[in-house]
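A look at the structure
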Amino acid sequence: MDFASDDHPLQPHDRWMRAAIQLARQAFDEGEVPIGAVIVHNDRIIGEGYNQRESLKDPTAHAEMIAITQAANSLESWRLLDCTIYVTLEPCPMCAGAIVLARIPTVIYGTADPKAGACHSLFQITDDSRLNHRATVLGGVLQQECKGLLQEFFAQQRALGKK
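Here's what I pulled together on the structure shown here. What you are looking at is a predicted structure, and each value in this text was computed from that prediction instead of being measured.

The sheet built from five strands is open, its strands ordered β2-β1-β3-β4-β5 with mixed pairing. Single-partner strands in this sheet number two, and they are β2 (44-50) and β5 (136-139). Direction aside, neighbouring strands of the sheet carry axes that sit 15° apart on average. Of the strand pairs in this sheet, strand β1 (residues 36-41) and strand β3 (residues 83-89) are connected by five bridges, and their pairing is antiparallel. Note on β3: the bridge partner recorded for Val 38 is Tyr 86. Contacts from helix α1 (residues 14-29) reach β1, β2, β3 and β4 (106-111), with the element oriented near 145° to β1. Each of β3 and β4 touches helix α5 (residues 143-159); the most contacted strand, β4, lies at about 60° to it.

Structure follows, in structure tokens:
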């Protein structure tokens, strides 16, 4: 498992992860689990999303799924070659599967998800040799900030008697 360190603020992935964190904060403010994602192509964001499962009443409205749809529309192709997805939480099986199907070659995530992570933690869908595409995965970029936002959200929800 390859982890970046929060000790190096000028790491090349920080810029894009910070954009994903801003989207996660928007989800937080809307009462959604604070996960954000951006897809970068040629040094610009072509897709972005944050969790909207509650507001859209849609179990597939994960940050990554919304960002993938936007990126595909932007490139006018379902193949998201030469793209990188940045997401604040390790993708779940559904999102990891969509990443593979979209042919996204690089996944960068903030914090691991021991309960549903499908890149390193629980499954390794993005690196399964039985599939026709694999992605390079880097975890731990701005990990403490990503993890802290999730912890704050769930502490707040528990205090309110929710989740």
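For the rest of this paragraph, the subject is the packing of α1 against α5. Helix-helix packing is described using two parameters, namely the angle between the two axes and the distance between the axes. Two numbers describe how α1 lies on α5: the axes approach to 10 Å, and their chain directions differ by 5°. Between α1 and α5, the angle is such that the two are roughly parallel. The segment α1 lies against α5, with Met 17, Arg 18, Ile 21, Ala 24, Arg 25 and Phe 28 engaging Glu 145, Cys 146, Leu 149, Glu 152, Phe 153 and Gln 156. Partitioning the contact of α1 with α5 into residue classes produces seven nonpolar, one polar and four charged.

All right, on to helix α3 (residues 63-75) then. Taking 1.5 Å as the rise per residue, α3 with 13 residues should run 18 Å; its terminal C-alpha atoms sit 18 Å apart, in good agreement. Looking at α3, one finds that the buried residues are Ala 63, Glu 64, Ile 66, Ala 67, Ile 68, Ala 71 and Ala 72. Buried residues belonging to α3 abut β1, β2, β3 and α4 (93-101). One or two steps after α3, the chain reaches Glu 76, where phi turns positive at roughly 55°.

A word on the packing of α3 against α4. Orientation of α3 relative to α4, taken along the N-to-C sense of each, is 20°, at an axis distance of 9 Å. The orientation of α3 relative to α4 falls into the category roughly parallel. Between α3 and α4 lies a crossing whose hand is left-handed. On α4, the residues touching Glu 64, Met 65 and Ile 68 of α3 are Met 94, Cys 95, Ala 98 and Ile 99. Split into classes, the residues belonging to the contact of α3 with α4 amount to six nonpolar, no polar and one charged.

By the element assignment, His 13 lies in the segment before α1. Overall, the relative accessible area of 22% leaves His 13 in the partly exposed class. Considered as a pair, His 13 and Glu 48 are 35 residues apart in the sequence and their alpha carbons are 16 Å apart. Leave out the neighbours within four places in its chain, and His 13 touches Tyr 86, Ile 108, Leu 138 and Val 141.

As a further point, take α5. Here α5 spans 24 Å end to end across 17 residues, near enough to the 24 Å set by a 1.5 Å rise per residue. Those residues of α5 that sit buried are Cys 146, Leu 149, Leu 150, Phe 153 and Gln 157. Taken end-on, α5 shows its buried residues confined to a sector of 90°, consistent with a single buried face. For α5, the exposed residues set more than 90 degrees away from the buried face come down to Gln 144, Arg 158 and Ala 159. Where α5 is buried, its residues contact α1, β3 and β4. One or two positions beyond α5, positive phi appears at Gly 161, with a value near 75°.

The rules behind the values
- Every chain's residues receive numbers from 1 upward, in the order its sequence appears when written.
- Owing to the predicted nature of the model, reporting of local features is limited to residues with pLDDT of at least 70; listing and counting of side-chain atom pairs is limited to 80 or more, with chain, interface and lining totals taken over all residues.
- Heavy atoms throughout the structure, all of them, feed into the side-chain values; hydrogens and water do not.
- Paired strands, in this sense, are two strands between which DSSP finds at least two bridges.
- The helix count covers DSSP runs of H or I at least four residues long, the strand count covers runs of E at least two residues long, and both are numbered beginning at the N terminus.
- The axes are straight lines fitted to the C-alpha atoms, using for helices just the contacting stretch, and the angles between their N-to-C directions are given from 0 to 180°.
- Here a residue-residue contact requires only that any non-hydrogen atoms of the pair lie within 4.5 Å.
- For classification, angles of less than 35 degrees are called roughly parallel, those exceeding 145 degrees roughly antiparallel, those between 65 and 115 degrees roughly perpendicular, and all remaining angles oblique.
- Side-chain classes follow a simple rule in which Ala, Val, Leu, Ile, Met, Phe, Trp, Tyr, Cys and Pro form the nonpolar group, Asp, Glu, Lys and Arg form the charged group, and the remainder, Gly included, forms the polar group.
- Expected span of a helix, by definition, is 1.5 Å for each gap between consecutive residues, and there is one gap fewer than residues.
- Under the scheme applied here, a residue whose accessible area is under 20% of the maximum for its type counts as buried, over 50% as exposed, and between as partly exposed, the area being computed with a 1.4 Å probe on protein chains only.
- Crossing chirality is assigned from the near helix's rotation relative to the far helix, an anticlockwise turn below a right angle marking it left-handed and a clockwise turn marking it right-handed.
- The reported arc concerns the directions from the helix axis to the C-beta atoms and nothing else.

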